[in-house]
Amino acid sequence: MVDSLLAVERLSVALHTRSGWQPAVDEVSFEVAEGQILGIAGESGSGKTMTALALLGLHPAGARTSGRALFEGRDLLALARRDLRSIRGRQIALVLQDPMTALHPLLRIETQLTEHVRQHLGVSRDEARRRATELLATVRIPDPRGALVAYPHQFSGGMRQRIAIAMALACEPKLLIADEPTTALDVTVQAGILRLLDRLRRERGVSVVIITHDLGVLSAVADQLCVMYAGRIVERGRTGELLSAPRHPYTRALLDALPMAAGSTGMRPITGTPPSLGAVPAGCAFHPRCPFAQDACRAAVPPLAEVGEGHRSACIVDPLPART
Amino acid sequence: MDVLRLSGVTVAYPRRGAPPVRAVVDASFALEPGEIVGLVGESGCGKSTLGKAAVGLLPLASGTVTFQGRPLPPLGRGMRPPAFRPLQMVFQDPYSSLNPRRRVGEQIADGIRLGGHGSGRLTAEVGQLLERIGLPAAARQFPHEFSGGQRQRIAVARVLAARPACVVADEPLSALDSSAQAQVANLLASLVREMRMAMLFISHDLSVVRQIADRTVVMYLGTIVETGPTRQLWEDPQHPYTAALISAVPKVGGPAVLPAELPGEVPDPARPPGGCRFHPRCPIAEAACRLQEPGLLPAGPAREVACLVAQRRMAAMADPEAP
């Protein structure tokens, strides 16, 4: 990729625990091109949210970061707080799982959709209001003018998430980071949000990083996927290829855990649980849960090696044995 | 004979200074032993209300719920009569349904005692249940020592301790990630088969229901719009709402396909649209749909649908001579 908007290089985030410094994110690298949707998948505790927070400088105070995160050539991790603030919300926006964490319950939608626009872009009140109305129409809120004078509690969960996305889009960011944006929503509403994200990317060239455990969501919209386990990327590649022919046993296990068509086996759980911070097994972190683990897997962390064009996998068992 | 039967169940929430909101209107279905019935619909459709009414947690405005042939009294302050203890519920959030300050083994032992099965072998029984859910060494531990999926399995063990004949599970998987979902779903499904329990499985996730339910009941805005064997309903939905729900589910693998959007919002249940409740969002609505509320009528063996258009189509197929 030549013109990537965001290039993350060997990003690590270490947290201080009772057993010393432990990596919650360990040497993670990926790129997002303009207008591209990148998905980050993994179970709870795999480090996917921490990765996103670190990019925005929102990781816990006291955590140590290393590596680089080049956004249009500037390293987000090395920026002064003030400089990061001018990028955060303005050029990179964040959408969270629960829209009520983004929306203030006591303020009208208008205030929430115009305040930061006026702050970041220095436009007049009327101009900010006009843009807010447009944005609400973009995210398909019925009666945008009426919505401006309403409060968050007057909307359903799906509508609130749309408003939170409108808020994130208000300053026309180039990159949207969405952490489980549809997890709490009904499938019908989820379909609407996914279509919205896809439209924003096509019509406005917005790049999106979607973080979710739901491979169905990523299959629908993501161009590229990163699968994380215990803080590391274990497989990375084009979505279609990665989901139809996974090369890492963990990716395959995630797929096999999904409910599938009637008649297929489906919903085969992954044995065991993900390791907790500070108790990550030596060698390949997945080996205790892996059906194909060998002695060598316990000895060294396998490198994220190229296994196809633009496809990398961190597993020494290649090709994987056929499914039983 | 059916274990749990709901007949014409209507549940209304009282409001100050306004007529009550009918969250569930005239719902009827039954569960047989060893059967899993999935109850699906968007949030706000009344599926959780119906689930609570089915175990007696909410009073009925009209209709009846019978458990093993006896009418279910609403849950009061006193102890529930022993005859109804085999009717149990699994809640959504295992973080709040387990007591954080008591050991796992003690909480499961409570279930055994409440079920009236207390014997001198409590510890042994607790051990067996924990073994069954795959956490044999959990008895001395506290809930916070477990992950979400493990906690939900513990909550299931506690329900099983009462030796239920019927379990209502309200979104038991939605707080869990995919792998933990698979674990808990498999556990519930195999327990239903082994113990010949009946289970009402309430979920907004159609793909999970498709995987484990024998029959599926689809709700929209407080009414049942379609019921039938899960596979048939999925492959050949009769109601346009069922079809819309199914096409909104993202598919994994293969070429990327954006799931289909269902325009509009679920209306306010306090002011449901006249005629068919789904008509403002329905892609095939006709003039008659605005005026006439369709009843839930048989539509082939073991199927029912509440849609005028589908009912007419079926009548035409049954009698090709009719105009």
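Structure first, text after, so check above.
In this report, we go over the structure that sits alongside the text. (Residues numbered from 1 in each chain as written. Chains lettered and ligands numbered in written order. Predicted model: local features only at pLDDT ≥ 70, side-chain atom pairs only at ≥ 80, totals over all residues. Heavy atoms only, no water.)

Okay, helix α11 (residues 308-318) of chain B next. Listed in full, the buried residues belonging to α11(B) are L308(B), V309(B), A310(B), Q311(B) and M314(B). At its buried positions, α11(B) is contacted by α10 (287-291), β11 (297-298) and β12 (304-305) of chain B. (Buried < 20%, exposed > 50% of the residue type's maximum accessible area, 1.4 Å probe, protein only. Helix = DSSP H or I, 4+ residues; strand = E, 2+ residues; numbered from the N terminus. Contact = heavy atoms within 4.5 Å.)

As a further point, take the interface of chain B and chain A. Residue-level contacts link 36 residues of chain B with 42 residues of chain A. Where chain B abuts chain A, roughly 3,200 Å² becomes buried across the two surfaces, and 57% of that area is made up of carbon and sulfur atoms. Area buried by chain B at its contact with chain A is led by Q211(B), V252(B) and L258(B), which between them contribute 20% of it. Joining chain B to chain A, the criterion identifies 1 salt bridge. For the side of chain B that touches chain A, the element with the highest residue contribution is helix α6 (residues 178-195) of chain B, accounting for 7 residues. (Buried area = accessible area lost by both parts, 1.4 Å probe. Salt bridge = Lys/Arg side-chain N within 4 Å of Asp/Glu carboxyl O.)

Moving on: the sheet that holds strand β4 (residues 62-67) of chain B. All names here are of chain B. Taken in spatial order, the 4 strands line up as β2-β1-β4-β5 in an open sheet, and their pairing is antiparallel. In this open sheet, the two strands that pair with only one neighbour each are β2 (18-31) and β5 (70-71). Bridging between strand β1 (residues 4-15) and β4 involves 5 bridges; their strand directions are antiparallel. The residue of β4 that forms the bridge with L4 is F67. Here helix α1 (residues 47-54) sits on the sheet and contacts β1, β2 and β4; the angle it forms with β1, its principal contact strand, is near 115°. (Pairing = 2+ DSSP bridges. Axes fitted to C-alpha atoms, helices over the stretch in contact; angles between N-to-C directions.)

Counting residues in each nonpolar core, the largest one holds 72 residues, and the members touching the most others are I108(B), M199(B), F201(B) and Y241(B). The biggest single contributor to this core is α6(B), with 9 residues. Filtering out sequence-adjacent residues up to four positions away, M199(B) remains in contact with L31(B), E35(B), I36(B), V37(B), V167(B), A169(B), L188(B), V192(B) and I212(B). Ranked by size, the runner-up nonpolar core spans 67 residues in total, among them L197(A), A220(A), V227(A) and L258(A). (Core = buried A, V, L, I, M, F, W, Y, C linked by side-chain atoms within 4.5 Å.)

Here we come to the environment of R247(A). All names here are of chain A. Its place among the elements puts R247 in the loop between α10 (239-244) and α11 (249-256). Residue classification places R247 among the partly exposed residues on the basis of a relative accessible area of 23%. Excluding residues within four positions of it along the chain, R247 makes contact with E235, V307, H311, S313, C315, V317, D318 and L320. At a separation of 3.1 Å, a polar atom in the side chain of R247 contacts the side chain of D318. (Polar contact = N/O pair within 3.5 Å; in protein donor to acceptor, adjacent residues only side chain to side chain.)

Residue and element names in this part refer to chain A. Pairing is antiparallel in the open sheet, where 4 strands are placed in the order β2-β1-β4-β5. Of all strands in the sheet, those with a lone pairing partner are β2 (20-33) and β5 (74-75), marking the two edges. Pairing geometry for strand β1 (residues 4-17) and strand β4 (residues 64-71), over 7 bridges, is antiparallel. From the neighbouring strand, A7 faces β4, where its bridge partner is L70. Contacting β1, β2 and β4, helix α1 (residues 48-55) crosses the sheet at an angle of about 110° to β1.

All names here are of chain B. The element strand β3 (residues 36-40) is largely enclosed, with a buried count of 5 among its 5 residues. Every second residue of β3 is oriented toward a common face, with I36, G38 and V40 on one face and V37 and L39 on the other, all of them buried. Both β3 and strand β8 (residues 198-202) contribute to a ladder of 4 bridges, which runs parallel. The residue bridging G38 from the neighbouring strand is F201, located in β8. Sheet topology note: the β3/strand β9 (residues 215-220) ladder contains 4 bridges and is parallel.

What follows covers the pairing of strand β3 (residues 37-41) of chain A. In the case of a regular strand, side chains alternate between the two sheet surfaces. Residues and elements named next belong to chain A. The buried fraction of β3 amounts to 5 of the 5 residues, a majority that puts the element mostly inside the structure. Burial of β3 is two-sided: the residues I37, G39 and A41 facing one way and the residues L38 and I40 facing the other way are all buried. Bridge count for β3 against strand β8 (residues 207-211) is 4 bridges, and the pairing is parallel. By the bridge assignment for β8, G39 is matched with I210. Sheet analysis places β3 next to strand β9 (residues 224-229), joined by 4 bridges and oriented parallel. Of the residues in β9, the one forming a bridge with A41 is V227.

Any link to function would need more than the numbers given here.
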